[in-house]
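# Coordinate analysis (summary)
Below are the chains, spelled out letter by letter.
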Amino acid sequence: MEILLQQIINGLVLGSMYALVALGYTMVYGIINLINFAHGEVLMIGALTSWTIVGLIQESMPGLPGWMVLLIAMLVACVVAAVLNFSIEKIAYRPLRNSPRLAPLITAIGMSILLQTLAMIIWKPNYKSYPTLLAAEPFQVAGAVITVTQVMVLGVTAICLSVLLYVVHRTSLGRAMRATAENPSVASLMGVKPDTVISATFIIGAVLAAVAGVMFAANYGTVQHTMGFLPGLKAFTAAVLGGIGNLGGAVVGGLLLGLIESIGSGYLGVLTGGVLGSHYTDILGFLVLVLILILRPSGLLGERVADRA
């Protein structure tokens, strides 16, 4: 039971980070029907930016508490990621908004490769150790272990999700986003500016990705220019698993994928008689995705974005 509880805790932490990134995918898709495959690289830029800021702060102000250093680094990473995603939308996606769907898809893949290359040039390709800024002493929970960093991940994720749901359902920006998702032409006749709403959506998605990137770096202790590819791909999987275009589906899909991977890593070797080890856990999430798409193509919670006229 201790092992199962430990894997559940690890799965919730991992799934929380997937959920944050998946929300960026599903928000953009829900409004303009675009899969932003450069979203994982926004996560990577946020993580590397925070690594740089942490190093600068530790050199200039060595006595600053670790939590404050992490907070400042996260805020700066969010600003950089927001500016980056805003620029990507304006330069790469907006001119192709009325083009065939294949054009923006190829552009998104090209932007992903471009961002990885630029990050490799700026930060060099070697792995970098991310400093431990929070207390390293873990807590014991019914025989399982949870660190302060993992508690931070769960807490920050809960706050981000609460704020996002409030913005989407309780503010004028959220109403404008839902109207644009329903029908941008009609929304513009009602006084909504679709271009502004789309830019705001990209900015919100970038902030969530940057927060997830900082938490990935703090939890796993390393950063590198390719670190965003696999989390981005899995977050996209989580968004499809839950029902892309559905905010609740992105959260459910992210948590479910994290739990599948974590629990699978603990029991995959036993279930397969040692044929597959824990390093094969990546296949579990994608197998579940294939099954869901066969049995329920719209995802677990379905698609709530209406067909446009």
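Residues numbered from 1 in each chain as written. Predicted model: local features only at pLDDT ≥ 70, side-chain atom pairs only at ≥ 80, totals over all residues. Heavy atoms only, no water.

Glancing now at the nonpolar core. Judged by nonpolar contacts, the single largest core of 83 residues is most densely connected at Leu-20, Tyr-93, Tyr-130, Val-211 and Met-215. Beyond its immediate sequence surroundings of up to four residues, Leu-20 is in contact with Thr-157, Cys-160, Leu-161, Leu-208, Val-211, Ala-212 and Met-215. (Core = buried A, V, L, I, M, F, W, Y, C linked by side-chain atoms within 4.5 Å. Buried < 20%, exposed > 50% of the residue type's maximum accessible area, 1.4 Å probe, protein only. Contact = heavy atoms within 4.5 Å.)

Here helix 1 (residues 2-32) crosses helix 5 (residues 148-170) at 30 degrees, and the two axes come no closer than 9 Å. It follows that helix 1 is roughly parallel to helix 5 by the angle criterion. Crossing of helix 1 over helix 5 shows left-handed handedness. For the pair helix 1 and helix 5, the contacting residues are Ile-9, Asn-10, Leu-12, Val-13, Ser-16, Met-17, Leu-20, Leu-23 and Met-27 in the first and Gln-150, Val-153, Leu-154, Thr-157, Cys-160, Leu-161 and Leu-164 in the second. Its residues placed into classes, the contact of helix 1 with helix 5 shows twelve nonpolar, four polar and no charged. (Axes fitted to C-alpha atoms, helices over the stretch in contact; angles between N-to-C directions. Helix = DSSP H or I, 4+ residues; strand = E, 2+ residues; numbered from the N terminus. Parallel < 35°, antiparallel > 145°, perpendicular 65-115°, else oblique. Left-handed = near helix turned anticlockwise from the far one by under 90°. Nonpolar A, V, L, I, M, F, W, Y, C, P; charged D, E, K, R; others polar.)

This part is about the environment of Val-42. The residue Val-42 is located in helix 2 (residues 39-60) in this model. Relative accessible area serves as the criterion here: at 0%, Val-42 is assigned to the buried category. Along the backbone, Val-42 and Phe-229 are 187 residues apart, and their C-alpha atoms lie at a distance of 9.9 Å. Discounting chain neighbours no more than four positions away, the residues touching Val-42 are Ala-81, Leu-84, Asn-85, Ala-206 and Ala-209.

This brings us to the environment of Tyr-127. When you line up the elements, Tyr-127 lands in the loop between helix 4 (102-123) and strand 1 (128-129). Separated by 96 residues in the primary sequence, Tyr-127 and Val-223 have C-alpha atoms spaced 5.9 Å apart. Setting aside anything within four residues of it in sequence, one finds Tyr-127 in contact with Thr-222, Val-223 and Gln-224.

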